[in-house]
Amino acid sequence: HQVVYKKRPFGILRYQPGAGMKGAMAMEIIPKSRYPGDPQGQAFSGGVKAGYVVKSINGADVLSAEFGKIMDLFDDEVADPRFSKSTALALEKQGGRLAEPAATPLTVVYTEIPGYQGKFAVLTQDGQDGYGR
C-alpha cells in the first residue's frame, strides 16, 4: 500500500511502536477528508488503515528501524507521541533527533501483518473539527 504525502500533517493521529521500540504501526487515522487537498485527509484518501505497518519511507526500509527515527523522518507532530509534552524536552531526553525530517512529497509504503486482528479505536468528529475516541 503506497501513499504519497504532499505535505504535513498526514492525517494519522497515532502510531504505536513494535516490540523493542522498533517499527511503527498506524493506530488512529482521521476517517475522512474534509475538503479537496485537506492534508489531514491524505492517509484516509490513500487507503491507510489502522494496523498498517510502515515498511519504507522514500524508498528506505524502516520495518526494523527505531520508532523514534521513523517519527523523526515523518516529522508529523500530530502523530508523534513524544510531542505530548514539550518537543524540546522529548528531543533532549533522547539526545536530539534520530533522523532529519524526510523531504516532501514523502512516499510511504505500508504493509499488513497477515492475520493480525488489533482492537482499534473508531474516531468520531468533535465539535471543534477535531477527532477523538
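Each chain carries its own residue numbering, running from 1 in the written order of its sequence. Selection of residues for local features in this predicted model requires a pLDDT of at least 70, selection of side-chain atom pairs for listing and counting requires 80 or more, and totals for whole chains, interfaces and linings are taken over all residues. Excluding hydrogens and water, the side-chain figures rest on all heavy atoms present in the structure.

Enquirer: Is there a simple way to explain helix 2 (residues 67-74) in this structure?
Expert: Because the α-helix completes a turn every 3.6 residues, residues three or four places apart line up on one side. In terms of burial, helix 2 is a largely internal element, seven of the eight residues being buried. Note on exposure labels: buried denotes an accessible area under 20% of the residue type's maximum, exposed denotes more than 50%, and partly exposed covers the range between, all computed with a 1.4 Å probe on protein chains only. Strands are runs of DSSP state E lasting at least two residues, helices are runs of H or I lasting at least four, and both sets are numbered from the N terminus onward. Three or more residues of helix 2 are buried, namely Phe 67, Gly 68, Ile 70, Met 71, Asp 72, Leu 73 and Phe 74. A positive phi of about 50° marks Asp 75, the residue just after helix 2.

Enquirer: Sorry if this is basic, but what is going on with unusual backbone geometry here?
Expert: Backbone phi values are negative for most residues with the exception of glycine, while trans is the configuration of most peptide bonds. Cis geometry is found at the peptide bond from Arg 8 to Pro 9, where omega equals -5°. One can find Pro 9 in the loop between strand 1 (2-5) and strand 2 (12-17). In this model, Thr 104 is joined to Pro 105 through a cis peptide bond whose omega is 0°. The topology assignment puts Pro 105 in the loop between helix 3 (87-93) and strand 6 (106-111). Phi angles above zero are rare outside glycine, and Met 21 is one such case at about 60°. Among the structural elements, Met 21 can be located in the loop between strand 2 and strand 3 (24-29). Residue classification places Met 21 among the partly exposed positions, given a relative accessible area of 48%. Although it is not a glycine, Asp 75 adopts a positive phi angle of roughly 50°.

Enquirer: What is the right way to read the side chain of Asp 38 from this model?
Expert: Relative to the helices and strands, Asp 38 is located in the loop between strand 3 and helix 1 (42-45). Residue Asp 38 is classed as buried on the basis of its relative accessible area, which comes to 2%. Polar contacts, as counted here, are pairs of nitrogen or oxygen atoms within 3.5 Å of one another; within protein the pair requires one atom able to donate a hydrogen and one able to accept it, and residues that are adjacent in sequence qualify only if both atoms are side-chain atoms. For Asp 38, the side chain forms a polar contact with the main-chain nitrogen of Gln 40, separated by 3.1 Å. If we ignore the near neighbours within four places in the chain, the residues touching Asp 38 are Lys 32 and Ser 33. By definition, residues are in contact when any of their heavy atoms lie within 4.5 Å.

Enquirer: Explain the nonpolar core to me, please; I cannot follow it from the model alone.
Expert: In a soluble, globular protein the nonpolar side chains are often hidden away together inside. As used in this record, nonpolar core signifies buried Ala, Val, Leu, Ile, Met, Phe, Trp, Tyr and Cys residues forming a set joined through side-chain atoms within 4.5 Å. Ranked by internal contacts, the top residues of the largest apolar core, which has 25 residues, are Tyr 5, Tyr 15, Val 48, Phe 74 and Tyr 110. Of all the elements in the fold, those that place two or more residues in this core are strand 1, strand 2, strand 3, strand 4 (53-57), helix 2 and strand 6. It is helix 2 that contributes the most residues to this core, five residues altogether.

Enquirer: What exactly am I supposed to notice about the pairing of strand 2 here?
Expert: Residues in a regular strand project their side chains so that they alternate between the two faces of the sheet. For two strands to count as paired, DSSP must find a minimum of two bridges between them. Bridging between strand 2 and strand 3 involves five bridges; their strand directions are antiparallel. By the bridge assignment, Tyr 15 is partnered in strand 3 with Ala 26. Hairpin remark: strand 2 followed by strand 3, antiparallel, with six residues in the connecting loop; positive phi at Gly 20, about 70°.

Enquirer: Got a minute to help me understand the environment of Ile 57 in this structure?
Expert: Tracing the chain through its elements places Ile 57 in strand 4. Overall, the relative accessible area of 4% leaves Ile 57 in the buried class. Sequence spacing of Ile 57 and Val 109 is 52 residues, and the spatial spacing of their C-alpha atoms is 6.6 Å. The contact partners of Ile 57, leaving out residues within four places of it in the chain, are Val 62, Ile 70, Leu 73, Phe 74, Ala 102, Leu 106 and Thr 107.

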